[in-house]
Amino acid sequence: MMIDIGVNLSNPRFDNDRQQLLERARAAGVEKLILTGTSVSESDNVAQLCQIFEPQFPGMLFATAGIHPHDAKSWNSESIGRLRALAALPCVVALGEMGLDFNRNFSTPAAQEKAFEAQLELAVELELPVFLHERDASVRQLQILKNYRDHLVDGVSHCFTGSREALYGYLDLDLHIGITGWVCDDKRGEALQRLVADIPLQRLMVETDAPYLLPKNLPKENRQDHHEDRHKGHRENNRNEPAFLPWVISKIADHRNESAEQLTQQTTANATRFFRLEGPVPE
Ligand SMILES: [Zn+2]
């Protein structure tokens, strides 16, 4: 049994086959998905998807609620109240994604920091783990996290693709690391391939970040694009989905000299504990 901790299921590229996608995930052994909330409205959308599919796929879908740094400019006086309301839903198991992205600065760094800190404060108040996004901003992100870490229950740096210094910075703060199919790209992911063995097994979780980051090691005949092509009338031959998580796991396992079974078992245990997927832990 595998858990995909990062799925952008509200993405329009899934509009025509969400149910089949969930069936394929389940058939592949990916039995739980954490849907990523990236803005107040998207967090609302993914929480609704959890509710819509709960009768057919009981206990399979969970969600985060948060505001991605790209969307930090949308932060306003109502945002915190709306996130607090979303966090009260039983399917919402973490706050995020949240953090800093200085790669493209779709929102100003000042706006990003404001939204990030407000969400960290909410996570402290609600005692929820955080789903962290960071690109080209590890120094500042770690400084901010350090200020909150003592009061924060837990956090995962999702889709980690950073430097050794950044990795050890997150690990020093006793945070988790989420690895995507970025690691399956022998060119772009080469540095990450050399780093994955440094992540303690108890700190590691796996994700597809679907529909993004199709694993490069996926055999061509496994792709599902033909569905989409038919409906949309244009070629998109790189759509990722949760059923492809085993290719991410096998690539990580190769670079850690572990078996895929061992990695599956431990990352599933980590995600179950981190997101408290089996209900509140007894005192
Ligand atoms: Zn992200």
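Refer to the structure presented above.
Residues numbered from 1 in each chain as written. Predicted model: local features only at pLDDT ≥ 70, side-chain atom pairs only at ≥ 80, totals over all residues.

## Some words on helix 9 (residues 245-256)
Right, so step 1: When the terminal C-alpha atoms of helix 9 are compared, their 17 Å separation across 12 residues agrees well with the 16 Å that a helix rising 1.5 Å per residue should span.
Right, so step 2: Those residues of helix 9 that sit buried are Leu245, Trp247, Val248, Ile249, Lys251 and Ile252.
Right, so step 3: On its buried side, helix 9 packs onto strand 1 (2-7), strand 2 (30-35), strand 7 (176-179), strand 8 (204-206) and helix 10 (260-274). (Helix = DSSP H or I, 4+ residues; strand = E, 2+ residues; numbered from the N terminus. Expected span 1.5 Å × (residues − 1). Buried ≥ 20, exposed ≤ 12 C-beta atoms within 10 Å, placed from the backbone. Contact = placed C-beta atoms within 7 Å.)

## Description of the sheet that holds strand 6 (residues 155-157)
Right, so step 1: Strand order in the open sheet formed by eight strands is 1-2-3-4-5-6-7-8, and the pairing between neighbours is parallel. For this open sheet the edge positions go to strand 1 and strand 8, each flanked by a neighbour on one side alone. Neighbour to neighbour, the strand axes of the sheet diverge by 30° on average, direction disregarded.
Right, so step 2: Pairing of strand 3 (residues 61-65) with strand 4 (residues 92-101), which is carried by three bridges, proceeds in the parallel orientation. (Pairing = 2+ DSSP bridges. Axes fitted to C-alpha atoms, helices over the stretch in contact; angles between N-to-C directions.)

## Here's the deal with the environment of Asp172
Right, so step 1: Looking at the element boundaries, Asp172 is found in helix 6 (residues 164-172).
Right, so step 2: For Asp172 and Gly29, which are 143 residues apart along the polypeptide, the C-alpha to C-alpha distance reads 32 Å.

## Description of unusual backbone geometry
Right, so step 1: The omega angle of the peptide bond from Gly96 to Glu97 is 10°, so this bond is cis rather than trans.
Right, so step 2: As for its placement among the helices and strands, Glu97 is situated in strand 4.
Right, so step 3: Even without being a glycine, Cys159 presents a positive backbone phi close to 50°.
Right, so step 4: Checked against the element boundaries, Cys159 lands in the loop between strand 6 and helix 6.
Right, so step 5: Look at Asp209: it is not a glycine, yet its phi comes out positive at around 60°.
Right, so step 6: Turning to its location among the elements, Asp209 is positioned in the loop between strand 8 and helix 8 (225-232).
Right, so step 7: Assessed through the 21 C-beta atoms surrounding it within 10 Å, Asp209 is described here as buried.

## Topic: the packing of helix 2 (residues 40-53) against helix 3 (residues 79-87)
Right, so step 1: Across the interface, helix 2 lies against helix 3 with an axial gap of 10 Å and an inter-helix angle of 15°. With respect to helix 3, the axis of helix 2 lies roughly parallel. For the element pair helix 2 and helix 3, the recorded crossing hand is left-handed. In contact with Val40, Ser43, Asp44 and Ala47 of helix 2, helix 3 contributes Ser79, Arg82, Leu83 and Leu86.
Right, so step 2: Of the residues that constitute the contact of helix 2 with helix 3, the class distribution is four nonpolar, two polar and two charged. (Parallel < 35°, antiparallel > 145°, perpendicular 65-115°, else oblique. Left-handed = near helix turned anticlockwise from the far one by under 90°. Nonpolar A, V, L, I, M, F, W, Y, C, P; charged D, E, K, R; others polar.)

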